[in-house]
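# Structure assessment
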2 protein chains.
Amino acid sequence: MKLYDMPLSGNCYKIRLMLSLLGKEYHSVNVDLKNGDHQTPSFLKLNPRGQVPVLEDGDTVIWDSTAILIYLARRYGSESWLPLEAREMAEVTQWLAVAQNEILYGLARARAIILFNRPWDMQQCRETGLAILRVMEQHLQHRHWLALDRPTIADIACYPYVALTPEGGITLDDYPAILAWIKNIEHLPGYIAMTSISP
Amino acid sequence: MKLYDMPLSGNCYKIRLMLSLLGKEYHSVNVDLKNGDHQTPSFLKLNPRGQVPVLEDGDTVIWDSTAILIYLARRYGSESWLPLEAREMAEVTQWLAVAQNEILYGLARARAIILFNRPWDMQQCRETGLAILRVMEQHLQHRHWLALDRPTIADIACYPYVALTPEGGITLDDYPAILAWIKNIEHLPGYIAMTSISP
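Definitions and limits used
- Residues numbered from 1 in each chain as written.
- Chains lettered and ligands numbered in written order.
- Predicted model: local features only at pLDDT ≥ 70, side-chain atom pairs only at ≥ 80, totals over all residues.
- Heavy atoms only, no water.
- Phe/Tyr/Trp six-rings, centres within 6.5 Å; stacked < 30°, edge-to-face > 60°.
- Helix = DSSP H or I, 4+ residues; strand = E, 2+ residues; numbered from the N terminus.
- Buried < 20%, exposed > 50% of the residue type's maximum accessible area, 1.4 Å probe, protein only.
- Core = buried A, V, L, I, M, F, W, Y, C linked by side-chain atoms within 4.5 Å.
- Contact = heavy atoms within 4.5 Å.
- Pairing = 2+ DSSP bridges.
- Axes fitted to C-alpha atoms, helices over the stretch in contact; angles between N-to-C directions.
- Polar contact = N/O pair within 3.5 Å; in protein donor to acceptor, adjacent residues only side chain to side chain.
- Parallel < 35°, antiparallel > 145°, perpendicular 65-115°, else oblique.
- Left-handed = near helix turned anticlockwise from the far one by under 90°.
- Nonpolar A, V, L, I, M, F, W, Y, C, P; charged D, E, K, R; others polar.
- 1 Å grid on protein atoms, 1.4 Å probe; cavity = no way out; pocket = protein on both sides within 12 Å on 5 of 7 lines; lining within 4 Å.
- Points joined across faces, edges and corners; volume = space filled by probe spheres on them.
- Least-squares fit on C-alpha atoms with pLDDT ≥ 70 in both.
- Bend = angle between axes of the 7 residues up to and from the residue.

The next point concerns the packing of aromatic side chains. For the coordinates displayed, the defined rule picks out 11 aromatic pairs over all chains. Considering the side-chain rings of Trp63 of chain A and Trp95 of chain B, the 5.3 Å spacing of their centres and the 85° angle between planes classify their relative orientation as edge-to-face. Of this pair, Trp63 of chain A sits in strand E4 (residues 60-63) while Trp95 of chain B sits in helix H4 (residues 86-116), placing the two residues on different chains. Here Trp63 of chain A and Trp95 of chain B have matching classes, each one buried.

The subject of this paragraph is the nonpolar core. Trp181 of chain A together with Trp181 of chain B are the most contacted members of the largest nonpolar core, which totals 140 residues. Filtering out sequence-adjacent residues up to four positions away, Trp181 of chain A remains in contact with Met136, Leu140, His144, Trp145, Leu146, Asp155, Cys158, Tyr159 and Val162 of chain A.

The subject of this paragraph is the sheet that holds strand E4 (residues 60-63) of chain B. Each strand in a sheet pairs with its neighbour through backbone hydrogen bonds, running either in the same direction (parallel) or in the opposite one (antiparallel). All names here are of chain B. Pairing is mixed across the open sheet formed by 4 strands, whose spatial order is E2-E1-E3-E4. Both outer strands of the open sheet, strand E2 (27-30) and E4, are each paired with one neighbouring strand and no more. Ignoring which end each strand starts from, the neighbouring axes of this sheet average 20° apart. Alignment of strand E3 (residues 54-57) against E4, held across 4 bridges, turns out to be antiparallel. Bridging from a neighbouring strand, Asp57 pairs with Thr60 of E4.

Moving on: the environment of Tyr159 of chain A. All names here are of chain A. Relative to the helices and strands, Tyr159 is located in helix H6 (residues 153-163). When the C-alpha atoms of Tyr159 and Trp145 are compared, they prove to be 11 Å apart, with 14 residues separating the residues in sequence. Polar side-chain contacts of Tyr159 include one of 2.9 Å to the side chain of Glu186.

Interaxial distance between helix H4 (residues 86-116) of chain A and H4 of chain B falls to 11 Å at its minimum, and their mutual angle equals 40°. One way to sum up the angle between H4 of chain A and H4 of chain B is to call them oblique. As H4 of chain A packs across H4 of chain B, the resulting crossing turns out to be right-handed. Residues Met89, Ala97, Gln100, Asn101, Glu102, Leu104 and Tyr105 of chain A of H4 of chain A pack against Met89, Ala97, Gln100, Asn101, Glu102, Leu104 and Tyr105 of chain B of H4 of chain B. When the residues that make up the contact of H4 of chain A with H4 of chain B are grouped by side-chain class, the tally is 8 nonpolar, 4 polar and 2 charged.

As a further point, take the layout of surface pockets. If you add up the space inside the second largest pocket, you get close to 470 Å³. For the second largest pocket, the lining is made up of 17 residues, of which His139 of chain A together with Lys45, Leu46, Pro48 and Trp63 of chain B are closest to its centre. Listed by contribution, the elements that provide at least two residues to the lining of the second largest pocket are H4 and helix H5 (122-139) of chain A together with helix H2 (41-46) and E4 of chain B.

Let us look at unusual backbone geometry. Cis geometry marks the peptide bond from Val52 of chain A to Pro53 of chain A; its omega dihedral reads 0°. Its place among the elements puts Pro53 of chain A in the loop between helix H2 (41-46) and strand E3 (54-57). Of note, Asn117 of chain A is a non-glycine position whose phi angle comes to about 60°, a positive value. Among the secondary structure elements, Asn117 of chain A is positioned in the loop between H4 and H5. Residue classification places Asn117 of chain A among the exposed positions, given a relative accessible area of 67%. Even without being a glycine, Asp64 of chain B presents a positive backbone phi close to 85°. Mapped onto the secondary structure, Asp64 of chain B falls in the loop between E4 and helix H3 (65-76).

Glancing now at the relation of the copies chain A and chain B. With an RMSD of 0.0 Å, the fit of chain A onto chain B corresponds to turning through 180° and sliding 0.0 Å along the axis. Both chain copies can therefore be described as sitting about a two-fold axis. The residues that chain A uses at the interface reappear at the interface of chain B in 100% of cases, marking a shared surface.

Residues and elements named next belong to chain A. In H4, a bend of some 55° at Ile103 exceeds every other bend along the element. H4 sits mainly inside the fold: 24 of its 31 residues count as buried. Backbone geometry just downstream of H4 places Asn117 in the positive-phi region, at approximately 60°.

This part is about empty space enclosed by the protein. Overall, the coordinates contain 2 cavities of 30 Å³ or more when judged by the stated rule. Of the pockets and cavities examined, the largest cavity occupies roughly 70 Å³. In terms of lining, the largest cavity is formed by Ile70, Leu82, Met89, Thr93 and Leu96 of chain A together with Ile70, Leu82, Met89, Thr93 and Leu96 of chain B. Among the secondary structure elements, those contributing two or more residues to the lining of the largest cavity are H4 of chain A together with H4 of chain B. Within the lining of the largest cavity, the residues separate by chemical class into 8 nonpolar, 2 polar and no charged. Taken as a whole, the second largest cavity spans an internal volume of roughly 60 Å³. Around the second largest cavity, the lining comprises 13 residues; the ones closest to its centre are Thr66, Thr93 and Gln100 of chain A together with Thr66 and Gln100 of chain B. Partitioning the lining of the second largest cavity into residue classes produces 6 nonpolar, 6 polar and 1 charged.

Functional significance is not addressed by these values, which are geometric in nature.
In structure tokens, the structure reads:
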């Protein structure tokens, strides 16, 4: 298996984390965005969106971090990570949507403004991010995991950019339930840290 | 079944369309955002994000349009709409991600700036939207449907805000493959139009 990868990308890290939790070996290929590696014809053939991560597994090529999580869970995981029953699958998917919406366009973008000097509106990113932190904090008050009574790909999808929130200038000190959930993930067998997640 | 609904929302329309394609009866409850209906304690109990659509099916409550599509496909559809095989499921999910990312934050937001006077950056929305239209146009050159050789929830998720693109000031005239794909969807048995989609 080959992962087109970038060390500082939280979306790539969630795939590395999932592969590690599943105990799967893979080969990481560094895509240098500064060098324009993601805009070459050969990379655009793999992913027409020109983004990392991309997973190559034999002749299967999957782009998009959420789609890759679903692929890995279905191909190498079990229904524990992604159940097939309609209601349970939808409950997992709700939080996959949060990862792709408020967490990406709020928390991750706030971080990218600071770290990578991206041209987005910090106030809008903060508002979007803080709104979902409040929702998550309340939701996690009496729960260990986001979607079900066990870890699922919902937790893996949401974790990186929530854990990286302080790099976007937003403290997690006021969110004890979120901090406890972060600890739960960090205690999963096979957990690996992202080097840039602040201690 | 009860759908918390708003006529002008493309995300609500995609659920109405899916329910119609599946031939399912339901009761529509209008949520008046101008009146703050989405911020009442009773609504926030259904959906802590305070957004439409929300689907109530017996004691099952699902928020988020993508999660609702997945729920309906698993509960009332068949694997035709959402296959369970790893690679095929991931291929559907890739386009669900596009619907939640570039289509929502590009095309749908451009429309919301014009129709609802929302405070977003039109140039960024246009750039994001045009980039994904180019990707879709190329992808659809020799295909009838986005993900597989048949319609799936990927098509239903992407269709509304792509078809509504002209309401955001972006013409689809330069995208003949996208226009042909739109026609394919409009010919599905059970198709219903969204009244605000321009003729």
